[in-house]
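Okay, here's what each chain looks like letter by letter:
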Amino acid sequence: MSNRKNRSFKARDKKRKIAKNKEKRKIYNINRQHKRRQYKHTEKVQRAAKYVDIFTKEKLCNAEILVLAKGLKFIPSPNLRHAKKTLINDFNELARKMRCKYHFDNGSHQYNRHPFLSKSGYKPYLANNAIENYLFSTRIELEKIQIKSFKDNLPKHERKALQSLRSNDRIIIKKADKNSSTVVLDKELYIKMANDQLNDNVHYERIYESHTTEVLNSINTIIHRLHNESYIDEVTFKFLINDQGKRLGRLYFLPKLHKINQSDREKIKTDINHLQNVNVPGRPIVSLCNSPLEKIAQYIDYFIKPVVNKFWTYTQDTTSFINKLEKIRAPADILMSSFDISSMYTNLHHTEIINAIDRAWPLIMQCKFDIPVPPKKALLELLRISLANNEFEFNGQIFKQKVGVPMGSPMSPSLTDIRIYEIVSAILKRFPYSSDISLLSVYRDDGFLLFKGSEQSLKEFYQIANSIHPLLKFTHEISNNEIQFLDVTIFKGTRFETEKILDVKLYRKPTDNYQYLEKSSAHPASVFKGFIIGEITRFIRSCCNRDDLDKQIRIFKQKLTLRGYSENEINPLIDKALRKNRLNTLCYKKRNKQNCPPLVLATKFNPLFKQLGRRIRKHWQLIENDITAKNLFPRPPMIAYRKHKNVKEYLTSAKL
C-alpha cells in the first residue's frame, strides 16, 4: 500500500515538474519574442533616423522619427467619409466639360488653349441623347460602388505622432535644399537663420506698413489701359484683374545641408549641444500665392521665357547638356571646369534686370506668341512695379527686398537667365582665350566649361568673372580628369580613349539619403511604377558605360528594398526600362499642341475604387453608336488622380 502511495506521489510530482517546465518555456518564449520585436523595432528606428536630419534639442519619440522617415511626399490613408460624394462631384465636372464641348466645339479637332484661360464654371444646357444617356448610365454605375473600410497605412501610435508633430510649435519641419531629406529644426534656430539674412541692409529692409492695395491698384491701372488699347485680350484681362490678391508674400527657408561640414553633422547626432557651434544656412523662398504679384509675374514670364531658349549657352536640363557634350571631339589635354554663381537670385540689382529686358526687346519681338505683345514701356513698368514692391512677411514682421529677385516668383528664373547671359558674354569679350572654349553650358547659377588651353589661362577667365560685377562671385573647380555638373560626372574614360568623346555617369551628392517614396503610401500603383521606370531611364541616359549603369541599378534596388518594395515588383519594371535605347532617352518627345486634349476624369485616388476605368468605359458604346458624339469624343475618358494631403501639407507651412 505504501509503495502504491509513493508511486502516485512521484507521478504527481513529475506532472507538476512538467507543467512548471512548460510554464517556464512559455514565459521564456514570450520574453524572447518580445526581445526580438523590440530589437526589430530598434533596428527599424535606427534605419529611419538616416532619413531625418535633426537640428533640435527637442526630444523626438521613435514614432515621430518613423513618421518623418516616410518622407514629406508620403500620403497617409485618406478618410473615406466623403469618398463617394467626391467621386460623383468629379464625374459631374467631367459631364460639364462634355456638354461644353458638344455646344462649343466646331468639329475641327484643332485645339489652341489660351495661355491664361481661367476656369469659367459655366454650366451649359444638356447635350444630345447619346451623351446624356452615357452620363446617366455611368453615374448610376459609380453610385453602386461599395465603400468599405481598409487597413490604415499608419499604425495608431504613428497617427498620434503625426498629430503631435503638427501641434508642436517649438520645431520647424522643412525639406532640405537640393536633397530629399526631412529636416527638423528648433524654431529659434530657424528664426536666427532668417534674421542673419534679413538684417542685411543691402538686400532687405524692414517696413512697418504693407502697400499691397496701392501695388494692386497700380498694376490694375496699367492692365485696364492695355485692355482698352487692345494690347490685352478679354481672357487675359479676366485672368489678370483680381481684386482678391491682397495677401502679402510669405518668406520661408530651405536648410542647405550640403553646406554644413560632414564632421559637424556627425557630432550633432551624438551631441546635440554641438548645434550651438554650427551655422545652418538656408535658401530664402518667397511664396507669392494670392499676392498682387503672382499673376502679373506669370504674364511677364510668358513673354521673356522664349528669349532664354535662344541663347547659345542655354541648357534646359541634363539631357540637353549630354547632347551638347557628346557632339564634341575633345583633345587629350582638354580641361574641364565647373562654376557656381553665389547667391545669384539675391545679388542682381533691379535696375540692371530692367535694363537687360530692355536690351532683349528685339529678341522678344522675334518670338511668336498666341496673344498680343504689350508695348515695351508698359511691360517694363509692370516689371519695375513687381521688383520694387516685393513685400513679404516673416515672424509677424514685414520686409521688402531691395536687391535681387524673389526665389518663388514665376518670372525670376527667366529674368536672371537673361542678365547672366549678358554677364557671361561680357566676360568672354574681355577673356583673351575665348576661342579655346569648346563648350560653355549654363544652367541657372551653375556652369560648365571645356577649355583647350592651359590651367593658368583658364584661371584668368574666373579672375575677370569675379571683377565684372560688384556682388556676384564665381566659385569654380578645374580638373584634367573628372568633374561634376548638374547630376552627372564628366570624366575621361574608355570612350574618350577610343572616340575622343568624354564619358558621363550619374552623380549623387554625398548628402543624398535615397529617401524614395515608401511603398505603403496611398498613391496609385501607376505612381510607383512610373517613378521606378523614370529613374532607370535617367540612369540609362546619364551612364554611357554599362558597368556604371549596373552599379546604379544595384544601389537603386537595394535602397528600394529598404523602402518596402519587393524584388518581384522591382525586377519586371527594371527589365522593361532597360529595353530602351540610350539614344532614344536623349531625345525629347514631340508634343503637338494643336491636338485636342484627351477627355479626363480627374478625381482623388482611393484604394477602394478598383476597376474605376472599367466602370467609366462600360457604357461607352452609347457614344460610339452616335456619329456626332463619336466625332467629338473619339476615345473614352482617361482617369487622372489628384493627390490627397501628404505629410508635407500636414507639417510644413510657408507661414511661421
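Look above for the structure.
Remember, it's a predicted structure, so these values are computed and weren't measured experimentally.

1. A word on the overall build of the chain
Broken down by element type, the chain carries 25 helices and 17 strands. The C-alpha extent of the chain, read off along each of the three principal axes, is 125 × 75 × 65 Å. Residue pairs at least 24 apart in sequence account for 79% of intrachain contacts in the chain once pairs closer than 6 positions are excluded. Total accessible area on the chain stands at roughly 35800 Å², and carbon and sulfur atoms take up 49% of it.

2. Description of the sheet that holds strand 13 (residues 482–485)
Spatially, 13-14-15 is the arrangement adopted by the three strands of the open sheet, whose pairing is antiparallel. Edge positions in the open sheet fall to strand 13 and strand 15 (503–506), since each of these has one partner strand only. Put simply, the sheet's adjacent strands are angled 25° from each other on average, direction ignored. With four bridges connecting them, strand 14 (residues 488–491) and strand 15 associate as antiparallel partners. In the strand pairing of strand 15, F491 is matched with D503. Where helix 18 (residues 525–542) meets the sheet, it contacts strand 14 and strand 15, and its direction lies at approximately 155° from that of strand 15.

3. Quick notes on the pairing of strand 8 (residues 391–394)
Neither face of strand 8 is exposed, since E391 and E393 on one face and F392 and F394 on the opposite face are all buried. In this sheet, strand 8 lies alongside strand 5 (residues 249–255) in parallel orientation, the contact comprising two bridges. In the sheet register, R250 faces strand 8, and the bridge partner there is E393. Of the strand pairs in this sheet, strand 8 and strand 9 (residues 397–401) are connected by four bridges, and their pairing is antiparallel. Paired with F392 across the strands is F399, a residue of strand 9. Counted between consecutive antiparallel strands, the loop separating strand 8 from strand 9 contains two residues, among which N395 sits at a positive phi close to 55°.

4. A short note on the packing of helix 10 (residues 294–308) against helix 15 (residues 412–430)
With their axes 9 Å apart at the nearest point, helix 10 and helix 15 run at an angle of 40° to one another. Classified by the interaxial angle, the pair formed by helix 10 and helix 15 is oblique. The element helix 10 and its partner helix 15 pack so that their crossing is left-handed. In contact with D301, I304, K305, V307 and V308 of helix 10, helix 15 contributes S414, L415, D417 and I418. When grouped by side-chain class, the residues that make up the contact of helix 10 with helix 15 number five nonpolar, one polar and three charged.

5. Things to note about the side chain of S457
Along the polypeptide, S457 turns up in helix 16 (residues 455–465). By relative accessible area, which is 13% here, S457 ends up buried. At 2.9 Å, the side chain of S457 forms a polar contact with the side chain of S454. Setting aside residues no more than four positions away along its own chain, S457 makes contact with F431, Y433 and F451.

6. Comments concerning the environment of Q621
Locating Q621 in the fold gives a position in helix 23 (residues 621–624). For Q621, a relative accessible area of 37% gives the class partly exposed.

7. Digging into the sheet that holds strand 4 (residues 204–207)
Spatially, five strands are ordered 4-9-8-5-6 in an open sheet, and the strand pairing comes out mixed. In this open sheet, the two strands that pair with only one neighbour each are strand 4 and strand 6 (282–287). Across the sheet, the mean angle from the axis of one strand to that of its neighbour is 40°, orientation sign disregarded. Bridging between strand 4 and strand 9 involves four bridges; their strand directions are antiparallel. Bridge pairing links R206 to F399 in strand 9. Against the sheet, helix 6 (residues 187–198) touches strand 4, strand 5, strand 6, strand 8 and strand 9, its axis set at about 110° to strand 5.

8. Side note on the packing of aromatic side chains
The geometry of two aromatic rings is summed up by the distance between their centres and the angle between their planes. This model, assessed by the stated rule, comprises 32 aromatic pairs. Summarising the aromatic geometry, the rings of Y299 and F303 are spaced 5.1 Å apart at their centres and angled 85° between planes, so their arrangement reads as edge-to-face. Within this pair, Y299 and its partner F303 are both found in helix 10, separated by four residues, close to a single helical turn. Among the residues examined, Y299 registers a relative accessible area of 0% and is labelled buried. Classification of F303 by relative accessible area gives buried; the value is 0%. With a centroid separation of 6.1 Å and an interplanar angle of 25°, the aromatic rings of F392 and F399 are classed as stacked. Taken together through their ring pairs, the aromatic side chains of F339, F431, Y433, F451, F461, Y462 and F474 make up a single cluster.

9. Digging into the pattern of salt bridges
Counted according to the given criterion, the structure contains 29 salt bridges. The salt bridge involving R99 is made with E132; its shortest N-O contact spans 2.8 Å. Of this pair, R99 sits in helix 3 (residues 83–104) while E132 sits in helix 4 (residues 129–143); the two residues are 33 residues apart in sequence, bridging distant segments of the chain. For the pair R99 and E132, a shared accessibility class is recorded, and that class is buried. The partner of E352 in a salt bridge is R419, with the nearest N and O atoms 2.6 Å apart.

10. Observations concerning empty space enclosed by the protein
Tallied over the full model, the rule gives four cavities of 30 Å³ or more. Empty space within the largest cavity amounts to approximately 100 Å³. Together, V308, F311, T313, Y314, T315, D417, I420, Y421, V442, Y443 and R444 line the largest cavity. Elements with a minimum of two residues in the lining of the largest cavity: helix 15 and strand 10 (437–443). Volume-wise, the second largest cavity comes out at about 70 Å³. What lines the second largest cavity is H211, T212, V215, R247, L248, G249, L288, S291, P292, L293, N389 and E391. Looking at the lining of the second largest cavity residue by residue, the classes come out as five nonpolar, five polar and two charged.

11. Focus on the nonpolar core
Counting 93 residues, the largest nonpolar core has F55, Y299, L415 and I418 as its most contacted members. Here this core takes nine residues from helix 10, the largest share from any one element. Among residues more than four places away in sequence, those in contact with I418 are I304, V307, V308, F311, A356, I357 and A360. A95, A130, W620 and I623 belong to the second largest nonpolar core, which has 24 residues in total.

The rules behind each value
Residues numbered from 1 in each chain as written. Predicted model: local features only at pLDDT ≥ 70, side-chain atom pairs only at ≥ 80, totals over all residues. Heavy atoms only, no water. Helix = DSSP H or I, 4+ residues; strand = E, 2+ residues; numbered from the N terminus. Contact = heavy atoms within 4.5 Å. Areas by Shrake-Rupley, 256 points an atom, 1.4 Å probe, with all protein chains shown as cover. Pairing = 2+ DSSP bridges. Axes fitted to C-alpha atoms, helices over the stretch in contact; angles between N-to-C directions. Buried < 20%, exposed > 50% of the residue type's maximum accessible area, 1.4 Å probe, protein only. Parallel < 35°, antiparallel > 145°, perpendicular 65-115°, else oblique. Left-handed = near helix turned anticlockwise from the far one by under 90°. Nonpolar A, V, L, I, M, F, W, Y, C, P; charged D, E, K, R; others polar. Polar contact = N/O pair within 3.5 Å; in protein donor to acceptor, adjacent residues only side chain to side chain. Phe/Tyr/Trp six-rings, centres within 6.5 Å; stacked < 30°, edge-to-face > 60°. Salt bridge = Lys/Arg side-chain N within 4 Å of Asp/Glu carboxyl O. 1 Å grid on protein atoms, 1.4 Å probe; cavity = no way out; pocket = protein on both sides within 12 Å on 5 of 7 lines; lining within 4 Å. Points joined across faces, edges and corners; volume = space filled by probe spheres on them. Core = buried A, V, L, I, M, F, W, Y, C linked by side-chain atoms within 4.5 Å.

Read these as spatial facts, not as claims about activity.
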